[in-house]
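Take a look at the letters that make up each chain.
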Protein chains: 2
Amino acid sequence: MRYFITFSYDGSEFSGYQKQPKERTVQKCIEDVLKEINGGKTVSICASGRTDAGVHAINQKAHFDMDIKITCEKLLKGMNSLLPPDIYIKSVLEVDEKFHARFDVIGKEYVYLINTGEYNPIERNYVFQYCSKLDVVAMERGLKYLEGEHNFKSFTKVNEEIVDYVRKISQTSLVRDSKDINKLVITFVGTGFLRYMVRNMVGLLIEIGEGKRKPEDVIDILKYEDRTLSGKTAPSCGLYLRNVFY
Amino acid sequence: MRYFITFSYDGSEFSGYQKQPKERTVQKCIEDVLKEINGGKTVSICASGRTDAGVHAINQKAHFDMDIKITCEKLLKGMNSLLPPDIYIKSVLEVDEKFHARFDVIGKEYVYLINTGEYNPIERNYVFQYCSKLDVVAMERGLKYLEGEHNFKSFTKVNEEIVDYVRKISQTSLVRDSKDINKLVITFVGTGFLRYMVRNMVGLLIEIGEGKRKPEDVIDILKYEDRTLSGKTAPSCGLYLRNVFY
């Protein structure tokens with residue numbers, strides 16, 4: 001039976017999503033719990049994609065196969081009772097064995113939070129504590145140049161295995177939080193995102209907000225397909241995987 | 001010279017505000033930093049009051065005396081550069097040596113956050129994850145009976161040293177968060193609060209919200225001055241010291 005899960009996690013205390021020897025990762029925590037439920041037999045989960053250390057997920061998705069017969073409701077309760085408090089399974093569905101949580105993704109939504117006000121220790125792991133003013137109008141103009149289908153090689157770690165750096169960003173927004181005008185909320189919806197791509201785009205937008213770059217610079221940075229042009233990588237703590245679309 | 005500081009902290013990783021042998025506390029962290037600034041000579045700080053383990057502060061206040069001459073601006077920067085990331089000094093003022101951060105308090109404001117929706121791992125240390133519906137109208141009615149001057153012995157740990165359990169709650173409110181209707185925000189403003197008093201009042205309000213108690217029960221619980229009547233103590237993670245008034 002193939003199961004499809006939607007889950008959230010606080011990335012603060014994980015070395016990212018993906019399993020790595022000796023590290024506490026989201027994948028390992030979930031697979032450990034599934035192994036226990038599956039009578040000691042290993043279960044491998046396949047997520048929509050990885051998230052890096054410190055990155056949070058509001059609706060991450062994954063599938064896995066298990067031989068034992070268990071209702072979705074029991075599996076949901078069982079997993080949540082065994083998982084640590086920083087991971088939560090929101091739903092479990094039975095799906096067709098042809099469904100694939102990574103290959104069938106048609107889009108993702110990421111959100112990035114920046115505090116431009118006073119340093120807030122309570123939100124230090126959940127909102128990037130930039131703590132200085134930014135030119136939001138310029139940032140928004142820069143953001144719009146990122147929309148559309150582009151080669152995003154300038155915004156990722158170049159990897160020999162990747163043959164195609166073209167991705168389509170269908171929708172973006174930059175707004176001030178309705179409860180806190182010093183908090184900027186940047187949203188990206190796209191067909192797919194390369195490694196560090198959102199954090200690198202946010203890093204560039206911050207440089208635009210600081211006046212170090214012009215919004216129009218985005219056009220050239222995209223064109224030259226060169227990572228050295230695009231600026232710093234924004235910290236992981238401000239980033240949330242909000243949704244995965246199929 | 002007497003200095004008066006306003007500071008915020010994330011209570012999650014502290015064994016409370018007050019110094020205790022071998023424990024990581026807010027007071028100890030700040031005093032360690034001040035000792036360093038003060039050339040190795042011990043500085044004792046006096047806060048408006050303690051907060052328990054896990055309780056957060058948005059605007060905690062304290063005073064301390066130092067012999068060395070240092071501007072408020074330098075002291076602010078120096079403290080923040082040496083403090084851990086979960087404490088932040090928001091301001092430093094020079095005050096008259098007659099001013100006392102604890103004795104001169106005329107009121108405090110506390111906020112308590114409850115999530116009545118789906119468990120949220122990202123907010124688990126910052127909002128009480130109650131995760132079930134509550135009768136907000138009944139809670140609000142119960143809350144109003146807590147307003148005014150009362151003997152709050154039923155809402156604290158009885159302590160031989162305390163002679164007077166009378167406190168005045170001047171203002172309360174219970175609202176749904178404007179961004180998340182499942183999040184309840186309960187505010188208390190009063191002349192002073194006994195140990196565990198806010199968390200015990202919230203614990204009782206939750207029992208009212210569950211239908212286990214009636215809003216009117218608050219009247220009798222206050223009258224009988226008996227801690228065993230008032231119900232569970234709500235978890236510390238949902239509580240914030242928002243303001244101290246002088």
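Residues numbered from 1 in each chain as written. Chains lettered and ligands numbered in written order. Predicted model: local features only at pLDDT ≥ 70, side-chain atom pairs only at ≥ 80, totals over all residues. Heavy atoms only, no water.

A. The arrangement of the environment of Tyr-112 of chain A in detail. Residue and element names in this part refer to chain A. Within the secondary structure layout, Tyr-112 lies in strand S5 (residues 107-115). Sequence separation between Tyr-112 and Val-185 is 73 residues, and the spatial gap between their C-alpha atoms is 5.9 Å. Apart from the residues lying within four places of it in its own chain, the contact partners of Tyr-112 are Phe-128, Leu-184, Val-185, Ile-186, Arg-199, Val-202, Ala-234, Pro-235, Gly-238 and Leu-239. A polar contact of 2.6 Å, which involves the side chain of Tyr-112, links it to the backbone oxygen of Pro-235. (Helix = DSSP H or I, 4+ residues; strand = E, 2+ residues; numbered from the N terminus. Contact = heavy atoms within 4.5 Å. Polar contact = N/O pair within 3.5 Å; in protein donor to acceptor, adjacent residues only side chain to side chain.)

B. Structural context of the pairing of strand S8 (residues 166-176) of chain B. All names here are of chain B. The pairing of strand S7 (residues 148-151) with S8 spans four bridges and is classified as antiparallel. By the bridge assignment for S8, Asn-151 is matched with Val-166. Taken together, the seven bridges between S8 and strand S9 (residues 183-190) define a ladder with antiparallel strand orientation. Bridge pairing in S9 links Arg-176 to Leu-184. (Pairing = 2+ DSSP bridges.)

C. Quick look at the packing of aromatic side chains. Per the counting criterion, the structure on display carries 21 aromatic pairs over all chains. By the ring-pair criterion, three or more aromatic residues cluster together here, those being Phe-4, Phe-99 and Tyr-246 of chain A. (Phe/Tyr/Trp six-rings, centres within 6.5 Å; stacked < 30°, edge-to-face > 60°.)

D. Representation of the interface of chain A and chain B. Across the contact, 22 residues belong to chain A and 22 residues belong to chain B. Of the roughly 1900 Å² buried between chain A and chain B on both sides combined, carbon and sulfur atoms contribute 57%. Joining chain A to chain B, the criterion identifies six salt bridges. A salt bridge links Lys-90 of chain B to Glu-118 of chain A; the nearest nitrogen and oxygen atoms lie 3.8 Å apart. The interface formed by chain A and chain B includes six residue pairs in polar contact (both at pLDDT 80 or more). Elements with a contribution of two residues or more to the side of chain A that touches chain B: strand S1 (2-9), strand S3 (56-65) and strand S4 (87-95) of chain A. Counted by class, the side of chain A that touches chain B contains eleven nonpolar, three polar and eight charged residues. (Buried area = accessible area lost by both parts, 1.4 Å probe. Salt bridge = Lys/Arg side-chain N within 4 Å of Asp/Glu carboxyl O. Nonpolar A, V, L, I, M, F, W, Y, C, P; charged D, E, K, R; others polar.)

E. Summary view of the layout of surface pockets. Approximately 1700 Å³ is the volume found for the largest pocket. What lines the largest pocket is a set of 48 residues, and nearest its centre among them are Glu-123 and Lys-183 of chain A together with Glu-123, Lys-179 and Lys-183 of chain B. A total of five residues in the lining of the largest pocket trace back to one element, the largest contributor, which is strand S9 (residues 180-190) of chain A. For the lining of the largest pocket, the per-class residue count stands at 20 nonpolar, twelve polar and 16 charged. (1 Å grid on protein atoms, 1.4 Å probe; cavity = no way out; pocket = protein on both sides within 12 Å on 5 of 7 lines; lining within 4 Å. Points joined across faces, edges and corners; volume = space filled by probe spheres on them.)

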